[in-house]
Amino acid sequence: MRQTPVKIDSKWHSIVDANKSAAFRRQPSVREYTGANASGQTSVKATDDSLTHVKFHKLSKPTARKPQTTKQVLIFTDEGLVKAAKEISTQRGLVLFTIINDDYLDFAASWLCNTAPFDGVHKHVLFVTTDVATGMTLQNLSSDVTVLGLNTSRFSGRQTFSHAGYLRIMVERTRYIFLMLQARVRLLLFEVDCVWLSDPLPLLLSRSGEVDLIVTKTEYNNKTAGGFLLLCPTQRTLGLWKSLTNKMNDLMEKTLHNISNSAHVNIRQNDQAFLTDLVRRGYGRVRVITLPRDSFADGKWYYLRVKERKARPTPIIINNNYIVGNSAKRRRAQRFGHWYLNERADSSVSMTCNGTAVSKLIV
């Protein structure tokens, strides 16, 4: 039997498979983007009528079925990105930004389930997806997030770290961040192949007024991690990020422009290596706070012996890196209870939240 996707409600208390509970009913809903068409942007509409809208209260009596409604996923433009980011920034004070392609859709869905218990987190989120279909799926999973979809297929499929396809996405990501910083948007760059064991935003927001950057460092070689980084839109940050953007543009023009997505690129030629160098040199006298590694861990945490993990404090964030291939990454997350989607009988991934796993989170 086909599973019904669970729609993550902004008033989340617990998530279950909607197929297993008679307390839930189908109810269409809509996500509006104010003024989206007024600026000339193209929108793609996805019917929401087939989704289960989860309401966590008892229904007093049957209600009439509402008319079918639609939601919109906007086609990406630079102007649309800045407008969406400024809107979130005005309302929430911080934008959680990431870019994903279709190969990371299930990781993004798991992350949405993972973070649903943390009050208001989804309202901070701005996704850029490398194709419209991926954007439509994410928007349907959570009406609180904002999604812009690139109208292209050139970034689709598996894109491997330190290969040309992956780096082309990083070139775009770096440029998008620079646009938002120029618009004076404070943002947290994050990635969806991670687990949030508790909500990091109160800590980050309490420290962000003191500095330009809040960074994490890798366990293995003490590099500035590119997957969890808070940027305040100060002149120092703008200067550093402009230098990084220029380095990534040079990489595109001199190396990436005429090679295939599968071509390997020197490990020293990527955004993380460039950023690490700029931060180490104190470029532009940028002020930096480095978050404690025990609390903001990378994939090396998974390789610790049980005794070592127990001796450390429970991390707030664990980035699921230092492993090759999404299948292996997914299996490791499942093994540690860090995967928040159900599986179907044939072991394929469904787009329904695993309420048991989510209920174990610290809220």
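Residues numbered from 1 in each chain as written. Predicted model: local features only at pLDDT ≥ 70, side-chain atom pairs only at ≥ 80, totals over all residues. Heavy atoms only, no water.

Looking at an unreviewed UniProt entry, the chain carries the name Nucleotide-diphospho-sugar transferase domain-containing protein, with the source organism given as Littorina saxatilis.

A.B. asks: Tell me about the pattern of salt bridges, residues and numbers included.
C.D. replies: Enumeration over the complete set of coordinates arrives at 13 salt bridges. Connected through shared salt-bridge partners, D78, E172 and R175 make up one network. (Salt bridge = Lys/Arg side-chain N within 4 Å of Asp/Glu carboxyl O.)

A.B. asks: With reference to specific residues and values, describe the state of the cysteines.
C.D. replies: Under the criterion given, the structure shown has 1 disulfide. Across the disulfide from C113 sits C353; the S-S distance is 1.9 Å. Between C113 and C353 the disulfide shows an S-S torsion of about -75°. By sign, it is left-handed. With C113 in helix α2 (residues 105-115) and C353 in strand β16 (residues 349-353), this pair connects stretches of sequence that are 240 residues apart. According to the relative accessible area criterion, C113 is buried, its value standing at 2%. You can call C353 buried: its relative accessible area is 1%. (Disulfide = S-S within 2.5 Å. Helix = DSSP H or I, 4+ residues; strand = E, 2+ residues; numbered from the N terminus. Buried < 20%, exposed > 50% of the residue type's maximum accessible area, 1.4 Å probe, protein only.)

A.B. asks: Give me the lowdown on the nonpolar core, citing residues and values where you can.
C.D. replies: Core analysis: the largest hydrophobic core is formed by 51 residues, its most contacted members being L96, W111, F127, L138, L188, W196 and F228. Ignoring anything within four residues of it in the chain, the contact list for L138 reads I100, L105, A108, A109, L112, F127, T129, V145 and V147. Core analysis: the next-biggest nonpolar cluster, separate from the first, contains 46 residues, F76, F178, L244 and L251 among them. (Core = buried A, V, L, I, M, F, W, Y, C linked by side-chain atoms within 4.5 Å. Contact = heavy atoms within 4.5 Å.)

A.B. asks: A description of the confidence of the model for the chain should follow, citing residues and the corresponding values.
C.D. replies: Here the chain averages 81 in pLDDT, and 78% of its residues register 70 or above. Contacts from residues 1-7, a stretch scored under 50 in pLDDT, to residues over four places away or in other chains number 36 contacts. Below a pLDDT of 50 lies the segment residues 9-70, which in the model reaches 128 contacts outside its immediate sequence neighbourhood of four places, other chains included. (pLDDT = per-residue confidence, 0-100.)

A.B. asks: Please provide a residue-by-residue account of the sheet that holds strand β13 (residues 296-297), values included.
C.D. replies: Read from one edge to the other, the open sheet built from 3 strands follows the order β9-β14-β13, with strand pairing classed as mixed. Looking at which strands have only one partner, the edges of the open sheet turn out to be β9 (194-196) and β13. Sheet analysis places β13 next to strand β14 (residues 317-319), joined by 2 bridges and oriented parallel. Paired with F296 across the strands is I317, a residue of β14. (Pairing = 2+ DSSP bridges.)

A.B. asks: Outline unusual backbone geometry, listing residues and values.
C.D. replies: With a phi angle near 65°, R184 is a residue other than glycine that sits in the positive phi range. You can see R184 is positioned in the loop between α4 (164-182) and β8 (187-190). Taking the relative accessible area as the measure of exposure, R184 reaches 46% and is therefore partly exposed. Phi at Y322 takes a positive value of approximately 55°, unusual for a residue other than glycine. Tracing the backbone through its elements, the reader meets Y322 in the loop between β14 and α9 (326-335).

A.B. asks: Any details on the packing of aromatic side chains? Residues and values, ideally.
C.D. replies: Within this structure, the stated rule accounts for 12 aromatic pairs. Here the aromatic rings of F127 and F190 are separated by 6.5 Å at their centres, their planes lie at 55°, and the arrangement is tilted. Separated by 63 residues along the polypeptide, F127 in strand β6 (residues 125-129) and F190 in strand β8 bring together distant segments of the chain. On the accessibility criterion, F190 (0% relative accessible area) is buried. Geometrically, the ring pair formed by F228 and F296 is tilted, given 5.6 Å between the ring centres and 35° between the ring planes. In this pair, F228 sits in strand β11 (residues 224-231) while F296 sits in strand β13, placing the two residues 68 residues apart along the sequence. Given a relative accessible area of 2%, F228 falls into the buried group. For F296, a relative accessible area of 4% translates into the label buried. By way of ring pairs, the aromatic residues W111, F127, F190, W196, F228 and F296 are connected into one cluster. Across the ring face of Y322, the terminal group of K300 is positioned such that the distance to the ring centre comes to 4.9 Å. Across from the ring centre of W301, 5.3 Å away, lies the NZ or CZ of R309, which sits over that ring. (Phe/Tyr/Trp six-rings, centres within 6.5 Å; stacked < 30°, edge-to-face > 60°. Lys NZ or Arg CZ within 6 Å of the ring centre and 35° of its normal.)

A.B. asks: Lay out the packing of helix α6 (residues 235-256) against helix α7 (residues 271-280) in plain terms, naming residues and giving numbers.
C.D. replies: The interhelical angle for the contact between α6 and α7, taken along N-to-C directions, is 145°, at an axis separation of 10 Å. Crossing handedness for the pair α6 and α7: right-handed. Taken together, the residues of α7 that come into contact with α6 (itself represented by L240, W241, S243, L244, K247, M248 and L251) are D271, F274, L275, L278 and V279. Split by residue class, the contact of α6 with α7 holds 9 nonpolar, 1 polar and 2 charged. (Axes fitted to C-alpha atoms, helices over the stretch in contact; angles between N-to-C directions. Left-handed = near helix turned anticlockwise from the far one by under 90°. Nonpolar A, V, L, I, M, F, W, Y, C, P; charged D, E, K, R; others polar.)

A.B. asks: Lay out the pairing of β11 with the relevant residues and their values.
C.D. replies: Burial within β11 is extensive, with 8 of its 8 residues counted as buried. Two strands pair when backbone bridges link them, and β8 and β11 are joined in this way by 4 bridges, in the antiparallel orientation. When the sheet's bridge partners are listed, F190 is paired in β11 with F228. Two strands pair when backbone bridges link them, and strand β10 (residues 213-217) and β11 are joined in this way by 4 bridges, in the antiparallel orientation. Looking at the pairing, I214 lines up with L230 of β11. In this structure, the hairpin formed by β10 and β11 is closed by a connection of 6 residues, where N222 is found at a positive phi of approximately 60°.

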